[in-house]
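Observations on the model geometry
If you want the building blocks of each chain, they are given just below.
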Amino acid sequence: SQQRLAGDGRQATRILCANGSADCAIIGQTGAGQIRGSGLRDLSIWGSGKTGGAGVHVVNAYDTALDNISVEAAINGIDVDQDTNTTRLRHVLVTLATGSTGVGLRYHAVSGHRSDVLSIYDVTIEGNWTMSTGFVWDGPAFTVTGSGLRLLHGQYGLQVLNTAGSSVDYPQFMNMHDLE
């Protein structure tokens, strides 16, 4: 808990991620206690020859902050997975790889492992004229709030799904201003 990786700015600190289909940065862990107060700030994550995975994967984490980061040339940008609570994205740019069919931002969970509160402020998802989706919201992932979300140049902008077909565990509660 309380682990933060901070750089000197998005153009000054770059992490090259040449690891095929694996996630680049993982905050949290499955099958263990929830971590608290972790995050990334003032840096860029660059995919190199990526075939899958996310630029940033948040799972089983509380009070996570992604602040002033960019995820470039990724198949999938940011994956906010199950058992998360209070994840904040602020001043974030995701640019998907050319030819990507991935997702810029995914907020999802499965029954019994709900996620709560995704806050979005000044976030741009650039689909790069691909067959990608800007933002996918699925399952018992509750409460999306914020201001300034841009979902650009992908096949789909926002998809709200209930893939499990549940009558109780599905996306609920959105308050978003300035959605493009």
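A brief look at the structure comes next. (Residues numbered from 1 in each chain as written. Predicted model: local features only at pLDDT ≥ 70, side-chain atom pairs only at ≥ 80, totals over all residues. Heavy atoms only, no water.)

1. Observations concerning unusual backbone geometry
What you tend to see is this: most non-glycine residues have negative phi, and most peptide bonds are trans. Just so we agree on the cut-off: Put simply, DSSP H or I for four residues or longer makes a helix, DSSP E for two residues or longer makes a strand, and each gets a number counted from the N terminus. When a residue's accessible area, from a 1.4 Å probe over protein chains only, is under 20% of the maximum for its type it is buried; when over 50% it is exposed; and in between it is partly exposed.
In the Ramachandran plot, aspartate 83 falls in the positive-phi region, its phi being about 60 degrees despite a non-glycine side chain. At tryptophan 129, a residue that is not glycine, the phi angle is positive and equals roughly 60 degrees. Mapped onto the fold, tryptophan 129 is located in the loop between strand E11 (115-126) and strand E12 (133-138). On the basis of relative accessibility, which here comes to 68%, the residue tryptophan 129 falls in the exposed class.

2. Topic: the nonpolar core
Under the convention used in this document: Residues enter a nonpolar core if they are buried and are Ala, Val, Leu, Ile, Met, Phe, Trp, Tyr or Cys, with the set joined through side-chain atoms within 4.5 Å.
Core analysis: the largest hydrophobic core is formed by 33 residues, its most contacted members being Val56, Ile78, Leu89, Leu105, Ile120 and Phe135. For this core, the leading source of residues is strand E7 (residues 61-74), giving five residues.

3. Looking at the side chain of aspartate 169
This is how the line gets drawn: We count Lys and Arg on the positive side and Asp and Glu on the negative side, and we leave His and both chain ends out. Throughout this description, the term salt bridge denotes a Lys or Arg side-chain nitrogen within 4 Å of a carboxyl oxygen of Asp or Glu. By the criterion applied in these results, polar contacts are pairs of N or O atoms within 3.5 Å in which, for protein atoms, one can donate a hydrogen and the other can accept it, and in which residues neighboring in sequence qualify only through two side-chain atoms. The criterion used for residue contact is that any of the two residues' heavy atoms lie within 4.5 Å.
The residue aspartate 169 is located in the loop between strand E14 (156-161) and strand E15 (172-179) in this model. Although aspartate 169 is buried, it forms no salt bridge, and the closest oppositely charged side chain is arginine 114 at an N-O distance of 6.8 Å. In terms of polar contacts, aspartate 169 uses its side chain to reach the side chain of serine 111, at 2.7 Å. When residues no more than four places from it in sequence are discounted, the contact partners of aspartate 169 are Ser111, Gly112, Gly139, Pro140, Phe142 and Asn162.

4. Structural notes on the sheet that holds strand E6 (residues 54-59)
Quick reminder of the rule: At least two bridges found by DSSP between two strands are what make those strands a pair. Axis angles are defined between N-to-C directions and span 0 to 180 degrees, where every axis is a line fitted to C-alpha atoms and, for a helix, only to the segment in contact.
With parallel pairing, the six strands of this open sheet are ordered in space as E3-E6-E8-E10-E12-E14. Single-partner strands in this sheet number two, and they are strand E3 (25-28) and E14. Each neighbouring strand pair of the sheet contributes to a mean axis angle of 5 degrees, computed without reference to strand direction. In this structure, E12 lies alongside E14, joined through five bridges in parallel fashion. Among the inter-strand pairings, aspartate 138 is bridged to a residue of E14, identified as leucine 161.

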